[in-house]
Amino acid sequence: MLDAVATTAFIHAFEPGTDSARKPLLLLHGTGGNEHDLLPLGRMVAPGAALLSPRGQVLEGTMPRFFRRLAEGVFDAADLRRRTHELADFIGDARRRYDLAAPIAVGFSNGANIAASLLLLRPEVLAGAALLRAMSPFKEPPQADLAGKRVLMLSGAQDPIIPATDAARLAATLTGNGATVEHRILPAGHGLSQADIGLLSAWLDQA
């Protein structure tokens, strides 16, 4: 494992894959997380996959994030777009450095939101995405060609942060742009449950 590497200004962790049949995973943490947070999840749901896990470059107080927000659920649209392109460029650099195929993004909360933004602004950098507790990142979503992209969305029925209508709107946006979307609403809050892990693992097995 290469730990706390800096490339294109992103601190990140990378674990090489041992199973060539597995697509690499791009692990995107939630607010206050770091490049180590989702590595155990990645190992659990996709044994043998290469794992690429960057740390968000924006600080909210002392908590890393992938883009700025103005309030809970209110995003800085200009910063979101800029940070999405920076992350997409990092993915391209990391793919060349580590000789990786296009990864499947596995994002939680803030990480899921920027993964959704990657799908809409730079779809070529991802093979697909698993969006765990995501909300729509754009009030007016851009058009994208998502034909052939598989997307898993796992929402919590008791999530106090993400309204059900907002998650449904994101699922409709991605479907409308051609993605094959599986949206499951679980009896859970904002945190991940064992059901999330089981569904994510089964979905990745089909990737």
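Cut-offs used in this document
- Residues numbered from 1 in each chain as written.
- Predicted model: local features only at pLDDT ≥ 70, side-chain atom pairs only at ≥ 80, totals over all residues.
- Heavy atoms only, no water.
- Helix = DSSP H or I, 4+ residues; strand = E, 2+ residues; numbered from the N terminus.
- Rg over C-alpha atoms; globule rule 2.2 N^0.38 Å.
- Buried < 20%, exposed > 50% of the residue type's maximum accessible area, 1.4 Å probe, protein only.
- Salt bridge = Lys/Arg side-chain N within 4 Å of Asp/Glu carboxyl O.
- Contact = heavy atoms within 4.5 Å.
- Core = buried A, V, L, I, M, F, W, Y, C linked by side-chain atoms within 4.5 Å.
- Expected span 1.5 Å × (residues − 1).
- Pairing = 2+ DSSP bridges.
- Polar contact = N/O pair within 3.5 Å; in protein donor to acceptor, adjacent residues only side chain to side chain.
- pLDDT = per-residue confidence, 0-100.
- Right-handed = clockwise from strand over helix to strand, strands pointing away.

Chemist: Even after reading the chapter, I still don't get the overall build of the protein chain, so can you show me in this structure?
Modeler: Within the protein chain one finds 5 helices and 12 strands. Taking 207 residues into account, the globule formula puts the C-alpha radius of gyration at 17 Å, and the protein chain, at 15 Å, falls close to it. By principal-axis analysis of the C-alpha atoms, the protein chain measures approximately 40 × 35 × 30 Å. The buried share of the protein chain, taken over its 207 residues, is 55%.

Chemist: Can you help me understand the pattern of salt bridges in this one?
Modeler: Side chains that differ in sign of charge can pair as their charged atoms come close. Taken as a whole and judged by the stated rule, the model has 16 salt bridges. In this structure, aspartate 76 engages arginine 68 in a salt bridge whose closest nitrogen and oxygen atoms are separated by 2.3 Å. A relative accessible area of 14% places aspartate 76 in the buried class. The network of salt bridges with common partners includes Asp79, Arg82, Arg83 and Glu86.

Chemist: Looking at this structure, how should I read the environment of leucine 204?
Modeler: Position of leucine 204 among the secondary structure elements: in helix α5 (residues 194-205). Along the primary structure leucine 204 and arginine 22 are separated by 182 residues, whereas in three dimensions their C-alpha atoms are 8.7 Å apart. Setting aside residues up to four positions removed in sequence, leucine 204 forms contacts with Arg22, Leu25, Val45, Ala46 and Ile104.

Chemist: Explain the nonpolar core to me, please; I cannot follow it from the model alone.
Modeler: What tends to happen in soluble globular proteins is that the nonpolar side chains get buried as a cluster. Core analysis: the biggest nonpolar cluster contains 43 residues, and Leu131 and Leu174 have the highest contact counts within it. Elements with a minimum of two residues in this core: β2 (10-15), β3 (25-28), α2 (77-98), α3 (110-121), β10 (128-132), β11 (150-156) and α4 (164-176). The leading source of residues in this core is α3, at 8 residues. The residues contacting leucine 131, other than those within four sequence positions of it, are Gly107, Ala112, Ala115, Ala116, Val151, Leu152, Met153, Leu154, Leu170 and Leu174. Leu27, Ile104, Leu154 and Leu204 belong to the second largest nonpolar core, which has 24 residues in total.

Chemist: Got a minute to help me understand α3 in this structure?
Modeler: Owing to its 3.6 residues per turn, the α-helix brings residues three or four apart onto one side. The end-to-end C-alpha separation of α3 is 16 Å, in line with the 16 Å expected for 12 residues at 1.5 Å each. In terms of burial, α3 is largely enclosed, as 12 of its 12 residues are buried.

Chemist: How should the pairing of β2 be read in this particular structure?
Modeler: Burial of β2 is extensive: 5 of the 6 residues sit out of reach of the surface. Pairing of β2 with strand β4 (residues 51-54) involves 4 bridges; the strand directions are antiparallel. Of the residues in β4, the one forming a bridge with histidine 12 is proline 54.

Chemist: Could you clarify how one ought to interpret the side chain of arginine 133 in this entry?
Modeler: Note that arginine 133 resides in the loop between β10 and β11. Here histidine 190 takes part through its backbone oxygen, which lies 3.4 Å from a polar atom of the side chain of arginine 133. A polar atom in the side chain of arginine 133 sits 2.8 Å from the side chain of aspartate 196.

Chemist: I tried to follow the confidence of the model for the protein chain on my own but got confused; where do I start?
Modeler: Caution applies to low-pLDDT regions: their predicted coordinates should not be interpreted in detail. The pLDDT averaged across the protein chain works out to 94; a share of 96% of its residues lies at or above 70. In the predicted structure, residues 1-7 sits below a pLDDT of 50 and forms 24 contacts with residues beyond four places in sequence or in another chain.

Chemist: Mind showing me how you'd approach the pairing of β4 here?
Modeler: If a strand is regular, its side chains alternate between the two faces of the sheet. Residue alternation in β4 divides its side chains into two sets, Leu51 and Ser53 and Leu52 and Pro54, and both sets are buried. Inspection of the sheet shows β3 paired to β4 by 2 bridges, in the parallel sense. The residue of β4 that forms the bridge with leucine 26 is leucine 52. For the crossover that starts at β3, traverses helix α1 (residues 39-45) and ends in the parallel β4, the hand is right-handed.

Chemist: Before we go on, may I ask you to explain unusual backbone geometry in this structure?
Modeler: Negative phi characterises most residues that are not glycine, and trans characterises most peptide bonds. The phi angle at aspartate 99 is positive, at roughly 60°, despite the residue not being glycine. The backbone of arginine 133 sits at a positive phi, close to 65°, despite the residue not being glycine. Judged by relative accessible area, arginine 133 falls into the buried class, the value being 1%.

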